[in-house]
Amino acid sequence: MSGGTQVDNAIRFYEAKSRDYDGTWHSNFTKQFISRLDIQKGQRILDLACGTGLLTFLEAEKVGLSGSVVGIDVTPGMLAVATRKQEQDAEKYSNVTFHNGDILHLEETMALQGKTFDVITVASALVLFPDPNAAIEHWSKYLKPGGVLAVDATHPRNLVSGMVLERVARRLDLPMPYNRSWSRSEASLHTVLESAGLEVEKVETIHNQAGYGKRYYDVERWDDFFVENVIVKDVANTFANNEIRRKAQAVYKEEWEKLAIDGKVEEVDAVFLGIARKSADGSRYVPETVSSEAIFKGGCRCGRVQFTSSQRPSDITLCHCRACQQLSGSAYLAFVQIPRFALKYIGSSTLKTMKLSEVAERTFCSSCGTPITMEYLYDADRINITMGSIDTYSMSCRIPKVKKHIFLREKAPWVESPDDSTERWGTAEFAHLVATKN
Ligand SMILES: C[S@@+](CC[C@H](N)C(=O)[O-])C[C@H]1O[C@@H](n2cnc3c(N)ncnc32)[C@H](O)[C@@H]1O
Ligand SMILES: [Zn+2]
Ligand SMILES: [Zn+2]
């Protein structure tokens, strides 16, 4: 086996980078990172994987001399740059201390014994650890009750050639010096933070992390990236043997081509930033789970809107009206109906209401756009839920079937109505009710 430990790989990689590190996009990114945090004068901050101290020094300015910042990193060269910068402005940064240590084993750093912090930051490092959950659990021990952890994770198309490499390594059962595969969306970071016992305050996407926005590579260029990643940048010597390289080359091509749309592979310069809090009494945060009486649950794409229903749903109505087309970006929206009292929101911080006509109100998640409900103002007792927002695996009843199509007069001309022997309505069977209200 190749590879060495996580620490060995990190040191090998960052030792070589330390001298020029401050000239990279990290200088700008750490500014973006801190601008999203609420840091107060006098606070105590722990900056993990602090590197050359780019974020550490920004934090030191924010907390002022009545506060303090501790930076921990394992790469001597990175810490040497940090210390040199501190010496150049010794008075201003007298509230900063740096320690060499492995942040997956903070108990080994004596200076941290018995200490807890108001804020812990981990910038551009979470994906270097094999188990994000275990890492966050470990770091959380050093948070004060009510303290805040801020950490970022990569967008799945960020440095896309590296992502492809990771897939290749996993398929060939080879070790990788990073683990990005779990970080698919804001929701993945949300889940990781929450399952480490923290209450998530927000997860947002920071675009233009490194300044290029988006870019596209011709699908034929897979070979360049293969050479760059597998041969030139093979930090952990994962692909050092020819037999492995040969296998990796074929798999690399295959994985790269899977990503291509119209002959191009997209690279997205974005990361997800999560901010999460330890509870005021220091206990683990346990997200409210579905009550045993729930018949089904559901929610939006980003996970901020979540609901349960204590009643069975009706069968499905497909609404072909123009509004449903536009809101779904597709041909129709699928709804089931439940009694209003049965719907309970577990998360609704981003739920917004909109009224597109005099007769109905709709809700949607303002963070990810998922349409959630539609209710007719003339019908106080029932509410319609979009079928797509329901987690069908959670249904303890049978999965409803399509029962009718409504507003077929407005149907998208590019859609063939399936011959499914269901009810068909040009508008809606309740049109007369709507009309009397007008
Ligand atoms: C991309 S740099 C980020 C540095 C800094 N947070 C920033 O944003 O500029 C990643 C850092 O993680 C450090 N690192 C990696 N594994 C580590 C470990 N197990 N313990 C401490 N530091 C580690 C590396 O030495 C490197 O300095
Ligand atoms: Zn959402
Ligand atoms: Zn509709």
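Now for a description of the structure that goes with this document. Predicted model, so just to flag it, every value in this text is computed and none were measured.

**Some words on the overall build of the protein**
Reasoning step 1: Within the protein, the regular secondary structure consists of eleven helices and 21 strands.
Reasoning step 2: Principal axes of the C-alpha set define a box for the protein whose edges measure 80 × 55 × 35 Å.
Reasoning step 3: Taking as baseline every contact in the protein between residues at least 6 positions apart, the subset at least 24 positions apart corresponds to 70%.

**Some points on the sheet that holds strand 10 (residues 296-299)**
Reasoning step 1: Pairing is antiparallel across the open sheet formed by four strands, whose spatial order is 14-11-10-19. Each edge of the open sheet carries a strand with a single partner, namely strand 14 (343-348) and strand 19 (390-391).
Reasoning step 2: Inspection of the sheet shows strand 11 (residues 305-309) paired to strand 14 by five bridges, in the antiparallel sense. Counterpart to Q306 in the pairing with strand 14 is G347.

**Describing the site of ligand 1**
Reasoning step 1: In the vicinity of ligand 1 lie 22 residues, with A10, A49, G51, T75 and A123 positioned nearest.
Reasoning step 2: Elements with a contribution of two residues or more to the shell around ligand 1: helix 1 (6-17), helix 2 (26-35) and helix 3 (54-63).
Reasoning step 3: Tallying contributions element by element places helix 1 first for the shell around ligand 1, with four residues.

**Describing the nonpolar core**
Reasoning step 1: Core analysis: the largest hydrophobic core is formed by 75 residues, its most contacted members being L48, I120, V122 and L149.
Reasoning step 2: Setting aside its immediate chain neighbours within four residues, L48 contacts I72, I103, I120, T121, V122 and W139.
Reasoning step 3: Formed by 24 residues, the second largest nonpolar core is a distinct cluster that contains L333, F335, I338 and I385.

**Topic: helix 9 (residues 242-259)**
Reasoning step 1: Taking 1.5 Å of rise per residue, 18 residues should cover 26 Å, and helix 9 covers 26 Å from first to last C-alpha, within 8% of that figure.
Reasoning step 2: Of the positions making up helix 9, those classed as buried are A248, Y252 and W256.
Reasoning step 3: The inward-facing, buried residues of helix 9 contact helix 6 (160-171), helix 8 (222-232) and strand 8 (264-268).

The rules behind each value
- Residues numbered from 1 in each chain as written.
- Chains lettered and ligands numbered in written order.
- Predicted model: local features only at pLDDT ≥ 70, side-chain atom pairs only at ≥ 80, totals over all residues.
- Helix = DSSP H or I, 4+ residues; strand = E, 2+ residues; numbered from the N terminus.
- Contact = placed C-beta atoms within 7 Å.
- Pairing = 2+ DSSP bridges.
- Near = placed C-beta within 6 Å.
- Core = buried A, V, L, I, M, F, W, Y, C linked by C-beta atoms within 7 Å.
- Buried ≥ 20, exposed ≤ 12 C-beta atoms within 10 Å, placed from the backbone.
- Expected span 1.5 Å × (residues − 1).

By themselves, these are just geometric observations and shouldn't be taken as functional.
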